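Below, each chain spelled out in residue letters.
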Amino acid sequence: MLPTETAINEQRNREMATTRVAVLGATGSIGTAALGVLRHLDKVDPESRWRLFAASGHGNMKLLGESLDALEHPPEHVILSDPELAPHFSTRHPLGRSSGQSQVSLGPEALVRIASDPMVDVVVAAIVGRAGLESTLAAVEAGKRVALANKETMVVAGSLVQRMVQRSGGEVTPIDSEHSAIFQCLGEKCCKPKKLVLTASGGPFRRWTVEQMENATLKSALNHPTWDMGPKITIDSASMMNKALEVIEARWLFDLPAEAIEVVVHPQSIIHSMIEFDDGSVIAQLSPPDMRLPIQYALTYPRRLPCEVPTLDRSQRWDLTLEPVDRDRFPALDLGFEVARAGGTTGAVLNAANEAAVGLFLEDKIRFTDVVAACRTCLDNHTFDANPSLDTLLKLDTWARGEVRKMTQ
C-alpha cells in the first residue's frame, strides 16, 4: 500500500525536526561526554530528535567502538582519521557491534567532508590541538553551528574564523567552561562588557616555586586537583598555558582587545568566569566542575534543558577563593596576552611550539619548565605576518614544531 499524503508529510516533518550532530574527536574526554549528552538530550528533548550523524576517532578503534555500541542509534558515518590505519582496515574489524550499520571513512580528509556535509546541523569540534583545525574551519565555512572545544582553532586562525562566520552565517558556541560562562553571562545584553574575567584552577603547581617546577615529574604534572582531562590539556593546565590559549580564544570569540581580559585563580572551579560592566557590576556563572553542562548548552542554545549534572549543594558552606596569578611563576600567561595583542602569525607559532614541547615533556625528553621557554624562543625567532593566509599559518606550524624538536638533538 502506498503511503498517504498525510503520512508522507508527517514523515517529512519528523525528518525536519531531527537535529543531526557530528562529534569530531569522540574518543577524547570532551567527545565521550558529548556522546553522553546526546543520549540524555534524546530523552529530555524528544521533539528535537537529537541524533549522532557522525563520530570520529583517531586511532583508538576499540574505545570508539565501545562508545558507539552504547548508543541506541548508531551514527550513519564513522571516521578514523589516522591514515596509517588504511593498510590494516580490510583485515581488521575496526569497531564494535554497531560498526556494520555505519559507513566508515579513513583519513583526515574525511573529517573535512563530514564537517561540511549538508546533512549535519551541529559539529562538536572536540579534536585536541592543531589536528582539529581544518575540519573546524570547514564546519564554520559551511554555516554550521560549531560547538567549539578545539580552542586551537581560534588561537591559530581566530581572524579567519571571524570572517568565515560573517560570510556563512554560521555560529560558534563555546564548550570550554570559561568561555561558556562568559557566553552565558553575556546572553542577549546590549551593553558591551568592560572586562572579561577568566578563572583558572591554578593546576597542580599553584603553590609550587619555580625551583620545584624545574624538577617536576610527569606524574605530578598530570595530577590535576579539579578536572579530569587528557594528558596534553592537563600539562597545559599545570603550566597555565591553557589559560594563555583561552585568553587568545576569548579575544576572538568575543571581539575584545587583550586589555579587556583578565585572569584570576579560583581553585574550587565553581565560578567558571565573570564579566564586568562600566558601572562596576560583575556577573558570574557558577556550577559544579562538570563539562556536560557547557557541552549541552553549546548544543541547545538559547534553550536550557534539564541536565544530568548535579546542582550545587547550597546546604553546605562554600569557599569561593579568588586570587591573582603570579606571572613570575607562570610566564605562559604573558605569552597568551602578547599573542592576543599581536594577532597575525603569533597564535599559530605559540600553539605549535607548545604542542611539540608538551609532547617532548610527556616523552620525558625535556623538563617541565622547558615547555614555556621553547614557546618563547619560537615566538621571538619567527617572521611575523600581521595578515597571514591559512597556507602561511600551516607552514609556520610546521616550522615551529621543527624548531622545538631541535631541542633534543
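Scroll up a little and you will see the structure.
Model, not experiment: these values are computed from the prediction.

**Student:** I'd love a proper account of the nonpolar core, names of residues and values included.
**Tutor:** Within soluble globular proteins, side chains that are nonpolar tend to cluster in buried spots. In terms of nonpolar packing, the biggest core is built from 90 residues, with Met241, Val263, Leu350 and Phe368 touching the most fellow members. In terms of residue count, helix H15 (residues 346-362) provides more of this core than any other element does, ten residues in total. In this structure, this core is formed jointly by two domains, domain 1 (18-174) and domain 2 (344-408), each of which donates at least three residues. In this structure, Ala26, Ala33, Leu64 and Met291 belong to the second largest nonpolar core, which totals 32 residues.

**Student:** Give me the lowdown on the packing of aromatic side chains, citing residues and values where you can.
**Tutor:** What characterises a pair of aromatic rings is the spacing of the ring centres plus the angle enclosed by the ring planes. Going through the model one piece at a time under the given rule, you end up with six aromatic pairs. Taken together, a centroid distance of 6.2 Å and an interplanar angle of 65 degrees make the contact between Phe183 and Tyr297 edge-to-face. On the criterion of sequence distance, the pair formed by Phe183 in helix H8 (residues 177-186) and Tyr297 in helix H13 (residues 292-300) is long-range, its members being 114 residues apart. Across this residue pair, the class does not change: Phe183 and Tyr297 are buried. Between Phe205 and Phe368, the ring centres sit 5.1 Å apart and the planes meet at 85 degrees, which makes this aromatic pair edge-to-face. Taken as a pair, Phe205 in the loop between strand S8 (195-200) and helix H9 (210-214) and Phe368 in the loop between H15 and helix H16 (370-381) lie far apart in primary sequence, 163 residues in all.

**Student:** Lay out the pairing of strand S2 (residues 50-57) with the relevant residues and their values.
**Tutor:** With eight of its eight residues buried, S2 lies for the most part within the structure. Relative to S2, strand S1 (residues 19-24) is paired through six bridges, and the arrangement is parallel. Bridge pairing in S2 places Arg20 opposite Arg51. As for the winding sense of the linkage, the β-α-β connection from S1 through helix H2 (residues 29-44) to S2 is right-handed. Two strands pair when backbone bridges link them, and S2 and strand S3 (residues 77-80) are joined in this way by four bridges, in the parallel orientation. Note that in S3 the partner of Ala54 across the bridge is His77. For the crossover from S2 across helix H3 (residues 61-69) to S3, the handedness is right-handed.

Conventions and cut-offs
Residues numbered from 1 in each chain as written. Predicted model: local features only at pLDDT ≥ 70, side-chain atom pairs only at ≥ 80, totals over all residues. Heavy atoms only, no water. Core = buried A, V, L, I, M, F, W, Y, C linked by side-chain atoms within 4.5 Å. Buried < 20%, exposed > 50% of the residue type's maximum accessible area, 1.4 Å probe, protein only. Helix = DSSP H or I, 4+ residues; strand = E, 2+ residues; numbered from the N terminus. Domains from an automatic or database assignment. Phe/Tyr/Trp six-rings, centres within 6.5 Å; stacked < 30°, edge-to-face > 60°. Pairing = 2+ DSSP bridges. Right-handed = clockwise from strand over helix to strand, strands pointing away.

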